[in-house]
Each structure stands twice: as structure tokens, then as C-alpha cells.
Amino acid sequence: MAGPGRNMEGVEPRSGATADGMPLSLNRAPAADLDPWVGRITVTRVHAPRDFEVTCSVFNDLAYARVVLAGDWIAETPAGEMRLGAEPLLAGPQARRMELWCKGAFATVNIGLRPGALHCLLARPAAPLVNRLEREDPFALAGEGADSRYPADAPIEDLALIAEERIRAFIARTNPKQPSAISTAFEAASFVDPNISPGDFAEEHDISLRQVERIVRRDFGLTPRTVLRRARAMDLACQMLGLSDNREEQDFLLRYFDQSHLIREFQHFFGSTPQAFRSRARPLLTLNLETRAARRLEELQRIAPGARRPWHEKPVEEEEEEEGRAHGDSEEACHGEGSDHFDPR
């Protein structure tokens, strides 16, 4: 179901690309000591002409502490249009996609916060932050003093390490509790089978449905059913963008009762039909949905942390090796044409 590849003229990804040339971010699991609170560390750096413009959208299932390093941005939030420059932000988890416009080259550093991390680290429930952006830097990711900058010429992994060290310092200073085991289990369930009913989940974990609803609402900012519906739609969108293991395509489709159910649900979360969604490039959405797709496969132990993902462009050496094997198979087939064997088919 993935759409055709579309390279963007003049755009040079510096943090990875899909097999068909769409920009990706560096995104990886955090260091083990941060794992209870941090779901992902991401850095995006894309070089583009000054007059380059992209209108797209983003859709995140995690809250993010973010530092915008480059780019002129406009985000369409429930509170109205927000114009953003080089500044720190706290972005809430989303209940649906958010329209986003950007001009010129862009770069961001991001810390993805697991469900419940806002409650543990900042004593904040997630619900008031859903679909919203706040000009805040609660973890001092932007840093302080002359050495606080993220060097423009530094390798992207160095930028990730800077952000990682700054949130580590916050956690060491505040000694927070870890997120609820119920929230952690509910997120894992949404990765494995988002068709599970909240009632079955509650029974499986020997707690009441009311407790599940209260904890999930506090830590995800949404009802349990909405979290599961969002997971289904996001998995399907990842498949359409080529950000999945192709062996899962049928599983993703069978999560819906029928075609009309699929279209209605997808349109609710992404604001377009699947056909319209596939019809054009979505560079910013590809960047942020890839983060979830990679995290999901790693947490399900389908791929090892740091391993090349199914949708990444192949290294030149690997492509040459595959071409060599194909050439060898072709020659073998040609040599076999003189065989005495006759296949009547």
C-alpha cells in the first residue's frame, strides 16, 4: 500500500532517508538509565534552499521536549496559529494530525516522553497538553551559558548525546518515580494488538476497567479506546508511507470491520481518505511517524535496537552485492538453456 517514491528537489537529508529518498531523522532508544521515562531520542537535520517550503502535518503518540534549531515554522494548534523559530518547546501527544508549514533548512532535537513521564517528571497530566505546543523548556534542553548550543557542524549523534545528558541531569536532580506499570503495559498492548478491548486488558491485569480508564486518561491524555483506535490508524499510515515490515500489511487491514470502517477511521485521525493520503509526498509526517514505527518494532523485539530498518535505503555495498547475486542467477539461467530437460509447461 506504500505510495511511490518522491525525491524532493534541492532537499538534502543529513539524518537518513527511506529507500525512495524521503528524509528521515536519527531516532534511537535512549540509554538504559533513561528508559523508564524516555521513549525515543531523535534528531532531524535537513539542508534545503532558503526559499524551500513544505506544507505537511505531524502526528505524535508521545509528548516531546523539543529544541528547534533551524527553520521557520507555522503550526496549526487548537489555540490558533503558532509561529515558531529557533526555540525550545513542549509538545503534547496528539489525538489527530496537526498541520505544519516550514520554510528553508530545518533541524530539531527531540526527547520523546513515555506515557506517564509527564506525571512523574513534571507532576502534569497529559490531557491538558494533547494537540498543543507550549513555549517551555522544563528539562533545560536548550541549556544555559556559552557552551549550551548544539553546534551546527556537530555530527547528529553528538546532538542526541547532548540532549540525552541534559535530561539525565534533570532526572538525577529530581529523582522521580517511574511511570505506572499499567500505562507501560497498555502501550505494549497497543503495539501488539490494538484490537484488544480495555475490558479484556483490565481483566488480564487483575484491575477494574475504571482504574484502567483513570490511569490511561492521566498518562496518555486520551481514553483507552481512543489510544487503541489511534494506534490502528498510525500503523496503517506507516504502512502507506512505506514505514513498516511489509509482512504486516494484511494484519493492519484486518483490524477493521470493512473498507468503510477503515476509511472513516483513517479520515478521523489523518483528515484525508487513504487514497488521498497516498497521492502525495508527506515529508514531515514521514519523519515523525518513522520514529514510532521504529520504536514499535524494537519494543516488540522484531528488530534489534540500532539495526537497519526494513524501509531504510540500502548501503551501496549491499546493493552491489544484491546486483551481483542477481547477475549470477541470470547467467546460471542462461547456461541452463542448453539442458536436455524439457518442461512441457
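Structure: see above.
Report on the accompanying structure. Remember, it's a predicted structure, so these values are computed and weren't measured experimentally.

Side note on the packing of aromatic side chains
(1) Moving on: This model, assessed by the stated rule, comprises 9 aromatic pairs.
(2) Moving on: Their ring planes at 85 degrees and their centres at 4.8 Å tell us that Phe139 and Phe170 sit as a pair that is edge-to-face. Pair noted here: Phe139 is in the loop between β9 (133–134) and α2 (156–174) and Phe170 is in helix α2, with a separation of 31 residues, a long-range link. The residues Phe139 and Phe170 share a single accessibility class, namely buried.

Topic: helix α5 (residues 209–220)
(1) Moving on: In a regular helix each residue adds 1.5 Å, so 12 residues correspond to 16 Å; α5 covers 16 Å between its end C-alpha atoms and thus fits that length.
(2) Moving on: All of the buried residues in α5 are Val212, Ile215, Val216, Asp219 and Phe220. Taken down its axis, α5 places every buried residue within 100 degrees of arc, on the same side.
(3) Moving on: Tucked inside the fold, the buried residues of α5 contact α1 (117–122), α3 (181–192), α4 (198–204) and α6 (224–240).

Let's talk about empty space enclosed by the protein
(1) Moving on: Summed over the entire model, instances satisfying the criterion amount to 6 cavities of 30 Å³ or more.
(2) Moving on: Considering only enclosed or pocket space, the largest cavity measures out at about 420 Å³ in volume.
(3) Moving on: Taken together, 26 residues line the largest cavity, and the ones lying closest to its centre are Val58, Arg66, Leu100, Thr108 and Asn110.
(4) Moving on: At 5 residues, strand β8 (residues 98–113) tops the list of elements feeding residues into the lining of the largest cavity.

So, the pattern of salt bridges
(1) Moving on: For the structure shown, the criterion picks out 26 salt bridges.
(2) Moving on: When the shortest N-O distance is used, the salt bridge between Glu248 and Arg302 registers 2.6 Å. Here Glu248 is found in the loop between α6 and α7 (249–253), whereas its partner Arg302 is found in the loop between α10 (283–299) and α11 (316–335), with 54 residues between them in sequence.
(3) Moving on: Classification of Glu248 by relative accessible area gives buried; the value is 7%.
(4) Moving on: For Arg302, a relative accessible area of 45% puts it in the partly exposed group.
(5) Moving on: Taken together, the salt bridges that share partners define one network made up of Asp35, Asp61, Arg114, Glu187, Asp235, Glu248, Arg255, Arg292, Arg295, Arg296, Glu299 and Arg302.

Focus: the layout of surface pockets
To find the voids left in a structure, one rolls a probe of water-molecule size over its atoms.
(1) Moving on: The volume enclosed by the largest pocket comes to roughly 330 Å³.
(2) Moving on: Secondary-structure elements contributing two or more residues to the lining of the largest pocket are β3 (38–47), β5 (63–77) and β8.
(3) Moving on: With 4 residues, β5 is the largest single contributor of residues to the lining of the largest pocket.
(4) Moving on: Here the lining of the largest pocket is composed, by residue class, of 15 nonpolar, 2 polar and 3 charged.

Things to note about the packing of α6 against α10
(1) Moving on: Two elements in contact, α6 and α10, have axes whose closest approach is 10 Å; the angle formed by their N-to-C orientations is 105 degrees. By the criterion of interaxial angle, the relationship of α6 to α10 is roughly perpendicular. Contacts from Ala231, Met234, Asp235, Ala237 and Cys238 in α6 reach Leu289, Arg292, Ala293 and Arg296 in α10.
(2) Moving on: Across the contact of α6 with α10, the residue classes tally to 6 nonpolar, no polar and 3 charged.

Rules of the game
Residues numbered from 1 in each chain as written. Predicted model: local features only at pLDDT ≥ 70, side-chain atom pairs only at ≥ 80, totals over all residues. Heavy atoms only, no water. Phe/Tyr/Trp six-rings, centres within 6.5 Å; stacked < 30°, edge-to-face > 60°. Helix = DSSP H or I, 4+ residues; strand = E, 2+ residues; numbered from the N terminus. Buried < 20%, exposed > 50% of the residue type's maximum accessible area, 1.4 Å probe, protein only. Expected span 1.5 Å × (residues − 1). Arc of directions from axis to C-beta. Contact = heavy atoms within 4.5 Å. 1 Å grid on protein atoms, 1.4 Å probe; cavity = no way out; pocket = protein on both sides within 12 Å on 5 of 7 lines; lining within 4 Å. Points joined across faces, edges and corners; volume = space filled by probe spheres on them. Salt bridge = Lys/Arg side-chain N within 4 Å of Asp/Glu carboxyl O. Nonpolar A, V, L, I, M, F, W, Y, C, P; charged D, E, K, R; others polar. Axes fitted to C-alpha atoms, helices over the stretch in contact; angles between N-to-C directions. Parallel < 35°, antiparallel > 145°, perpendicular 65-115°, else oblique.

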